[in-house]
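Below are the chains, spelled out letter by letter.
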Amino acid sequence: MNTEVLEGVLQPEEVENDDGVYDDEELNEGEVNGNWTPQEKALHEARLKAKAKRRLRKSSSRDSARESLSEAVAGEAGADPNSPKGKALQNHDRKSRTGKGRGLPKKGGAGGKGVWGAAGMVYEMEEPDAKDPNYDESAQGDTVYATVVPELEEGELEKTVNPIVQEYFEHGDTREVEMLLKELNLGPHKYEFSSLAVSLSLEGKASHRELTSRLLSDLVGKVLPESDIARAFDKMLKDLPDLILDTPEAPQMLGQFIARAIADHALPMNFLSRYKGRVDCDHARAALDRASVLMSMKREMVRLDNVWGVGGGQRPVKHLIKEMNLLLKEYLVSGELLEAEHCLRDLEVPHFHHELVYEAVIMVLESNGETAIQLMVKLLQAFWKSGLITLDQMNRGFQRVYDELPEINLDVPRAHSIMEAFVDLCFQESVITKQLRDACPARYRRGTFSSQEAFIIFESS
């Protein structure tokens, strides 16, 4: 038997059975007896050769794995860090790249994908952040909504405020203006509302200025602080040279505004004293002097309600009748049509102009002489042509005289004849219509009177 074969046979652990597993007992039994047949020897040698081949294959696979692993490590160590492969290796390296650290896990073991913290960590309750995109306001209980109004720019301020003031001149409701201003965000330009309102009223009527003074009095302390109103009047005193171009009486009017605002406690009491000896502009000095005069006239600082007069529709009827009588009497003395027209417009009672017609006709019936007749016809004709007295107001004034003519005739016996002559004269001058002339009551009416005949009747009466 071959020496190699014997060496393989003498190793007990390397003898395998028929199933491919070496059996020590079988090997010892065959060796002791020494009665192997040639077939058994050949089979045994074939088994040994197969086993040797298997051992060779196993050793070669282990060596190749070791070589490949060593090559891979050498390749990683020599790879370019700027190459994609080198960057990938760096990203997967769990060691500190700064060369610092103790080799402990990152974040104390609380880091990594899908990790919510270290084991055993208990999180406390945190207050919800309203700015968090995942914030659920419905789950937070009662929610309060706040309306954010953008601040008005300086260029948009005048466009927004002017319509509010113009509408206020129509309805005169200060509460509505207060409500509208609270909805606006005027920002640092809040004081300009007062200056714009006063500027618009300077170009308007006396009633507009009265409404503006009331508006400032009602808004102070609610929407406008006292300092903002004082700042607005400071600005207007500086702008007086420009205001005079449109309103020549601006210094006197602004002085009245200042006096009224001080009396209404819309301006501080020391507003005038702050300007003593510090004013260089003549127009501003005139305005402050006007305010000082008005304030000195009021000993107990009562409200200067009559500084602008009383607005037309707000005046008592007796006061309006007295004003119209005074207007007609001054006209009969001076004969100035423009002044009479200006006074009638200042009353601002177009719905009450029929009273002027009525009083004018009564003065004609009670007057003696031709001058009063001519002046009254001329006055009514001028008012009719200018449109100051409308057709409805003219008809109502004459109709009132027609209705009261029987009672007037008791005091003026020739009232019927004078009335007929005056009506015919007005019709000839196109003051009244033919229908209104024919409606004049008369005891007898055979025809119309000429102007000369009418004057004869007046003289005889």
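Residues numbered from 1 in each chain as written. Predicted model: local features only at pLDDT ≥ 70, side-chain atom pairs only at ≥ 80, totals over all residues. Heavy atoms only, no water.

**As for the overall build of the protein chain**
No. 1: When helices and strands are tallied, the protein chain shows 20 helices and 0 strands.
No. 2: When each of the 461 residues of the protein chain is scored for burial, the buried share is 36%.
No. 3: Considering only contacts within the protein chain whose residues lie at least 6 apart along the sequence, 68% involve residues at least 24 apart.
No. 4: Carbon and sulfur atoms make up 50% of the accessible area of the protein chain, which amounts to about 29,800 Å² in all. (Helix = DSSP H or I, 4+ residues; strand = E, 2+ residues; numbered from the N terminus. Buried < 20%, exposed > 50% of the residue type's maximum accessible area, 1.4 Å probe, protein only. Contact = heavy atoms within 4.5 Å. Areas by Shrake-Rupley, 256 points an atom, 1.4 Å probe, with all protein chains shown as cover.)

**Here we look at the nonpolar core**
No. 1: Ranked by size, the top nonpolar core spans 53 residues in total, and within it Phe193, Phe233, Leu237, Leu254, Ile258, Leu267 and Phe271 carry the most contacts.
No. 2: Sorting the residues of this core by element identifies helix H5 (154–171), helix H6 (174–182), helix H7 (192–202), helix H8 (206–219), helix H9 (226–238), helix H10 (240–246), helix H11 (250–263) and helix H12 (282–297) as the ones contributing at least two each.
No. 3: By residue number, the principal contributor to this core is H11, which donates 8 residues.
No. 4: Setting aside anything within four residues of it in sequence, one finds Leu254 in contact with Val198, Phe233, Met236, Leu237, Leu240 and Ala287.
No. 5: Counting 46 residues, the second-largest nonpolar core is a separate cluster that includes Val401, Tyr402, Met419 and Leu436. (Core = buried A, V, L, I, M, F, W, Y, C linked by side-chain atoms within 4.5 Å.)

**Quick look at the confidence of the model for the protein chain**
No. 1: The predicted model of the protein chain has a mean per-residue pLDDT of 78, with 73% of residues at 70 or higher.
No. 2: Confidence drops under pLDDT 50 across residues 1–33; counting only partners more than four residues distant or on other chains, this segment forms 38 contacts.
No. 3: Between residues 453–458, whose pLDDT stays under 50, and residues either more than four places distant or in other chains, the model counts 16 contacts. (pLDDT = per-residue confidence, 0-100.)

**Thoughts on the packing of aromatic side chains**
No. 1: What the rule picks out here adds up to 4 aromatic pairs.
No. 2: Here the aromatic rings of Phe398 and Phe422 are separated by 6.3 Å at their centres, their planes lie at 20 degrees, and the arrangement is stacked. Highlighted residues: Phe398 in helix H17 (residues 391–411) and Phe422 in helix H18 (residues 415–428), separated in sequence by 24 residues.
No. 3: Put simply, the rings of Phe398, Tyr402 and Phe422 pair up and form one aromatic cluster.
No. 4: Positioned above the aromatic ring of Phe427, the side-chain terminus of Arg437 is 4.6 Å from the ring centre. (Phe/Tyr/Trp six-rings, centres within 6.5 Å; stacked < 30°, edge-to-face > 60°. Lys NZ or Arg CZ within 6 Å of the ring centre and 35° of its normal.)

**Brief notes about H7**
No. 1: Counting buried residues along H7, 10 of its 11 residues qualify, which places the element largely inside the surrounding structure.
No. 2: When H7 is considered as a whole, its buried residues turn out to be Glu192, Phe193, Ser194, Ser195, Leu196, Ala197, Val198, Leu200, Ser201 and Leu202.
No. 3: The inward-facing, buried residues of H7 abut H5, H6, H8, H9, H10 and H11.

**Digging into a negative patch on the surface**
No. 1: Together, Glu330, Glu336, Glu339 and Asp346 line one region of the surface with negative charge.
No. 2: Along the polypeptide, Glu330 turns up in helix H13 (residues 317–334). (Patch = residues over 30% accessible without salt bridge, like charges linked within 9 Å, V, L, I, M, F, W, Y side chains within 5 Å. Salt bridge = Lys/Arg side-chain N within 4 Å of Asp/Glu carboxyl O. Lys, Arg positive; Asp, Glu negative; His and termini not counted. Charge placed at Lys NZ, Arg CZ, Asp CG, Glu CD.)

**Describing the pattern of salt bridges**
No. 1: Per the counting criterion, the structure on display carries 11 salt bridges.
No. 2: Ionic pairing is found between Lys182 and Glu178, a salt bridge with its closest N-O pair at 3.2 Å. Of this pair, Lys182 and Glu178 are both found in helix H6, 4 residues apart, which corresponds to roughly one turn of the helix.
No. 3: Looking at Lys182, the relative accessible area reads 57%, which means it is exposed.
No. 4: Classification of Glu178 as buried rests on a relative accessible area of 14%.
No. 5: A single network of salt bridges, built from pairs that share partners, joins Glu210, Arg214, Arg260 and Asp264.

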